[in-house]
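Structural overview
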Amino acid sequence: MIGGRVGSSDPTNATYAVRIDEQIEHLGLAAYVHWTGFVADEAVAAWLDAADVVVLPFRDGASYRRGSLMAAIQHARPIVTTQPVVDIPTFRDGENMLLVPPDKPSALATTLRRLNADPVLRQRLADGAADLRAEFDWQRIVDAYSDFCARVIQSRREVKS
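In this report, the structure presented in the accompanying data block is examined. All values reported here derive from a predicted model rather than from experimental measurement.

We now examine helix α6 (residues 138-160). Here α6 is 23 residues long and its end C-alpha atoms lie 33 Å apart, about the 33 Å a rise of 1.5 Å per residue gives. For α6, the N-terminal cap is D137; the gap from its side-chain oxygen to the backbone nitrogen of Q139 is 3.2 Å.

Time to look at the pattern of salt bridges. Side chains that carry opposite charge are capable of pairing whenever their charged atoms lie near each other. Scanning the entire structure with this criterion turns up 5 salt bridges. The partner of D103 in a salt bridge is R59, with the nearest N and O atoms 3.2 Å apart. Here the residue D103 occupies a position in the loop between β3 (98-100) and α4 (105-116), and R59 occupies one in the loop between β1 (54-56) and α3 (67-74), the gap between them amounting to 44 residues. For E95, the salt bridge is made with R92, and the minimal N-O distance between the two is 2.8 Å. Connected through shared salt-bridge partners, D60, R65 and R66 make up one network.

A cluster of nonpolar side chains, namely L27, L29 and Y32, defines an oily patch on the protein surface of about 340 Å² accessible area. Following the sequence through the fold, L27 ends up in the loop between α1 (13-26) and α2 (41-50).

About the thresholds
Along each chain, residue indices are assigned from 1 in the same order as the chain's sequence is written. Side-chain atom pairs in this predicted model are given and counted only at pLDDT of 80 or more, local residue features only at pLDDT of at least 70, and totals for whole chains, interfaces and linings cover all residues. Computation of side-chain values: all heavy atoms of the structure, hydrogens and water removed. A run of H or I in DSSP becomes a helix once it reaches four residues, and a run of E becomes a strand once it reaches two; helices and strands are each numbered from the N terminus. The span expected for a helix works out to 1.5 Å for each residue beyond the first. Here a polar contact is taken to be a pair of N or O atoms separated by no more than 3.5 Å, where protein atoms must pair a possible hydrogen donor with a possible acceptor and residues adjacent in sequence count only if both atoms sit in side chains. Throughout this description, the term salt bridge denotes a Lys or Arg side-chain nitrogen within 4 Å of a carboxyl oxygen of Asp or Glu. Put simply, a patch holds well-exposed residues, over 30% relative accessible area, that have no salt bridge, with like charges counted together within 9 Å and Val, Leu, Ile, Met, Phe, Trp or Tyr side chains within 5 Å. Calculation of accessible area relied on Shrake-Rupley with a 1.4 Å probe; when residues are assessed, cover is drawn exclusively from the protein chains displayed.

So, in structure tokens, the structure goes:
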């Protein structure tokens, strides 16, 4: 688990973290789970580069606002995440990530077993994530935003004319 155990935006995070710890103990997984805590950007990058798979189950679905998902894409890792609430055409199940339904741990477990057994699929997802990362290049985002603002300003000028 890369990063801090709990965020500051939701007070239920600490209680949830305790439940996760209890579940890890109950399932005998403690030897396989490592929490890094907050680490520097370089350490996050190193951990991501070392990961075989990045698993990001979001209760409310994957979206462009998920920094952890954007980081996994930038590092071209095979990704398993939750189906977006709204369709996101760039997120293609089986091509650049695997999408599972929210709040379905059994579906997540099945997908992870499938991915563990299929190195060709892991490579396809990594390659797909590498192809997808150009969509989230900061210069491309800045240029698109600047173009959008210019179009809005131009359309306002035309309305006033």
